[in-house]
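Structural description and commentary
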Amino acid sequence: MIQTHPRAVTPRRAADSVLDVSGLTVVYDSDPVLKGVDLTVAPGEVVALLGHSGSGKSTLMKALTRTAPLTSGQVRVAGRDVASLGAGDLRSLRADVGHVFQNFHLVPRLSALANVLTGGLYAAGPASRIGLFSRAQRTRALELLERVDLLAQACQQARTLSGGQQQRVAIARALMQDPRLILADEPVASLDPRLAGNVLGLLSELARERSVPVLVSLHVVALARRHTDRAVGLRDGRVVVDIPSAGLDRVAVREIYGADTEFGTDDEETP
Ligand SMILES: Nc1ncnc2c1ncn2[C@@H]1O[C@H](COP(=O)(O)OP(=O)(O)O)[C@@H](O)[C@H]1O
Ligand SMILES: [Mg+2]
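Counting of residues starts from 1 at the beginning of each chain's written sequence and follows it residue by residue. Think of it this way: whatever chain is written first is A, whatever ligand is written first is 1, and the rest follow in order. For a predicted model such as this one, the threshold for reporting local features is a pLDDT of at least 70, and the threshold for listing and counting side-chain atom pairs is 80 or more; totals across whole chains, interfaces and linings nevertheless cover every residue. Just so you know, side-chain values use all the structure's heavy atoms and leave hydrogens and water out.

Gaps left between atoms are located by rolling a probe of water-molecule size over the structure's atoms. When its volume is computed, the second largest pocket comes out at roughly 160 Å³. A cavity here means a set of points on a 1 Å grid, drawn over the protein atoms and nothing else, where a 1.4 Å probe fits but cannot get out; a pocket is an open set with protein on both sides within 12 Å along at least five of seven lines, and a residue lines either one if it has an atom within 4 Å of a point. Looking at the second largest pocket, it is lined by 14 residues, and the ones nearest its centre are Val-188, Ala-196, His-219, Val-220 and Leu-223. Only Asp, Glu, Lys and Arg are considered charged, only Ala, Val, Leu, Ile, Met, Phe, Trp, Tyr, Cys and Pro nonpolar, and every remaining residue, Gly among them, polar. By residue class, the composition of the lining of the second largest pocket is ten nonpolar, two polar and two charged. Grid points are joined across faces, edges and corners, and a volume is the space filled by probe spheres set on the points.

Following this line, the structure appears as structure tokens:
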């Protein structure tokens, strides 16, 4: 039986929310993975998704663009009712959602610039699919590379960049599509602690300056505390904590990870 944390689960209903999930259930092969999740995210808000491996973090992110099945409940993303979308509207929803992945997912032999340009493919239309990007698109991609401090590497093949640099290219690529929401699934799990802090700090800064909300799954509590606004803890498919990240104390951490956890102890304060 899960003990109730005094500040656990404070449902929010922002009128201008970009993401509004209520009672979301996802069942895989008669196995319930999400069991009635409520989550609201406002523009520019950076929300950490915490929880043990297998708690349902990736499934929740996938459900938001219907790459996981929506068994029941309501999901609204950027004003759309995700469950009822036809194929065309679903494509347009997916174009509105930027992704950042643990392993970057860049095209290794393409330049940093070309990788960023692919983020605008949906909006750019068929011409860009054969490599004809407009001057305006190239300028925008270069501006984004400058913003993530990689202008000097614009023409370098992605495979020759360091992990931290590749993730910054991936962030620029996500922004190139002018997203209404960014989903970042363990974006810093492959980086060393110092780079993890830098990349996550940059992602949060960009989210706030452009009013694009970010939902980011993390497995280091200290990073959530330092770089995100709110922390949502999933445990066994349920939201057990929804609090300002500054309030991620031992009680909250225990609520998410259980009593025998080492997460969030003082020696984890490093990066
Ligand atoms: N495509 C799938 N088919 C069946 N079960 C799945 C699928 N994807 C995830 N699961 C199960 O759902 C649960 C939650 O997984 P996941 O969302 O990946 O957790 P997390 O990202 O928190 O580690 C796990 O038990 C996992 O095995
Ligand atoms: Mg996962």
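Right, let's get into the sheet that holds strand 2 (residues 31-41). Reading across from one edge, 2-1-4-5 is the order of the four strands in this open sheet, with antiparallel pairing throughout. Each end of this open sheet is capped by a strand with a single partner; those strands are strand 2 and strand 5 (80-81). It only takes one pair of heavy atoms within 4.5 Å for two residues to be counted as in contact. Lines fitted to C-alpha atoms define the axes, with helix axes restricted to the stretch in contact, and inter-axis angles between N-to-C directions lie between 0 and 180 degrees. Here a strand is any run of E in DSSP of at least two residues, a helix any run of H or I of at least four, and the numbering for each starts at the N terminus. Those strands touched by helix 1 (residues 57-64) are strand 1 (19-28), strand 2 and strand 4 (72-77), and its axis lies near 115° from that of strand 1. The pairing criterion is simple: DSSP has to find at least two bridges between the two strands.

Near, as used in this document, describes a residue that has one of its heavy atoms within 4 Å of the molecule or strand being considered. Near ligand 1 the following residues occur: Tyr-28, Val-33, His-52, Ser-53, Gly-54, Ser-55, Gly-56, Lys-57, Ser-58 and Thr-59. Polar contacts, as counted here, are pairs of nitrogen or oxygen atoms within 3.5 Å of one another; within protein the pair requires one atom able to donate a hydrogen and one able to accept it, and residues that are adjacent in sequence qualify only if both atoms are side-chain atoms. Gly-54 places a main-chain nitrogen or oxygen 2.7 Å from an oxygen atom of ligand 1. At a separation of 3.1 Å, an oxygen atom of ligand 1 approaches a polar backbone atom of Gly-56. Relative to its unbound accessible surface of 560 Å², ligand 1 loses 58% to contact with the protein. Of the residues forming the shell around ligand 1, the biggest block, three residues, is contributed by helix 1. Per-class residue counts for the shell around ligand 1 are two nonpolar, seven polar and one charged. Only the protein chains shown count as covering a residue, and every accessible area follows the Shrake-Rupley method with a 1.4 Å probe.

A word on the nonpolar core. Residues belong to one nonpolar core when they are buried, are Ala, Val, Leu, Ile, Met, Phe, Trp, Tyr or Cys, and are joined through side-chain atoms within 4.5 Å. Only protein chains enter the accessibility calculation, which uses a 1.4 Å probe; a residue is then buried when its area is under 20% of its type maximum, exposed when over 50%, and partly exposed in between. Ranked by size, the top nonpolar core spans 55 residues in total, and within it Leu-50, Leu-145, Val-169, Val-188, Leu-218 and Leu-248 carry the most contacts. Ignoring anything within four residues of it in the chain, the contact list for Leu-145 reads Ala-112, Leu-113, Val-116, Leu-150, Leu-151, Ala-154 and Val-169. Within the second largest apolar cluster, 30 residues are counted, among which are Leu-85, Val-97, Leu-234 and Val-239.

Only one rule defines a salt bridge in this text: a Lys or Arg side-chain nitrogen within 4 Å of an Asp or Glu carboxyl oxygen. All told, the structure shown has nine salt bridges when counted by the stated rule. One salt bridge in this structure joins Asp-229 and Arg-208, with 2.9 Å as the shortest N-O distance. Taken together, the residues Asp-229 in the loop between helix 9 (221-227) and strand 9 (230-235) and Arg-208 in helix 8 (residues 193-210) connect sequence positions 21 residues apart. Taken together, the shared-partner salt bridges connect Arg-147, Glu-205, Glu-209 and Arg-210 into one network.

This paragraph deals with the sheet that holds strand 9. Two modes of strand pairing occur in sheets, parallel and antiparallel, and in both the strands are linked by backbone hydrogen bonds. On the basis of which strands lie adjacent, the open sheet formed by six strands has the order 6-7-8-3-9-10 and mixed pairing. Each having just a single partner strand, strand 6 (97-101) and strand 10 (238-244) make up the two edges of the open sheet. For this sheet, the mean angle separating the axes of adjacent strands, direction not counted, is 20°. Relative to strand 8 (residues 214-217), strand 7 (residues 181-185) is paired through four bridges, and the arrangement is parallel. Residue pairing across strands places Asp-185 opposite Ser-217, the latter belonging to strand 8. Each of strand 6 and strand 7 is contacted by helix 7 (residues 163-176), which is oriented at about 170° to strand 6, the strand it contacts most.

The quantity known as pLDDT measures the predictor's confidence residue by residue, on a range of 0 to 100. The pLDDT averaged across the protein chain works out to 89; a share of 86% of its residues lies at or above 70. Low pLDDT, under 50, characterises residues 1-14; the predicted model gives this stretch 29 contacts beyond four residues in sequence or across chains. Counting contacts from residues 265-271, a segment whose pLDDT is below 50, to residues more than four positions away or on other chains yields 13 contacts.

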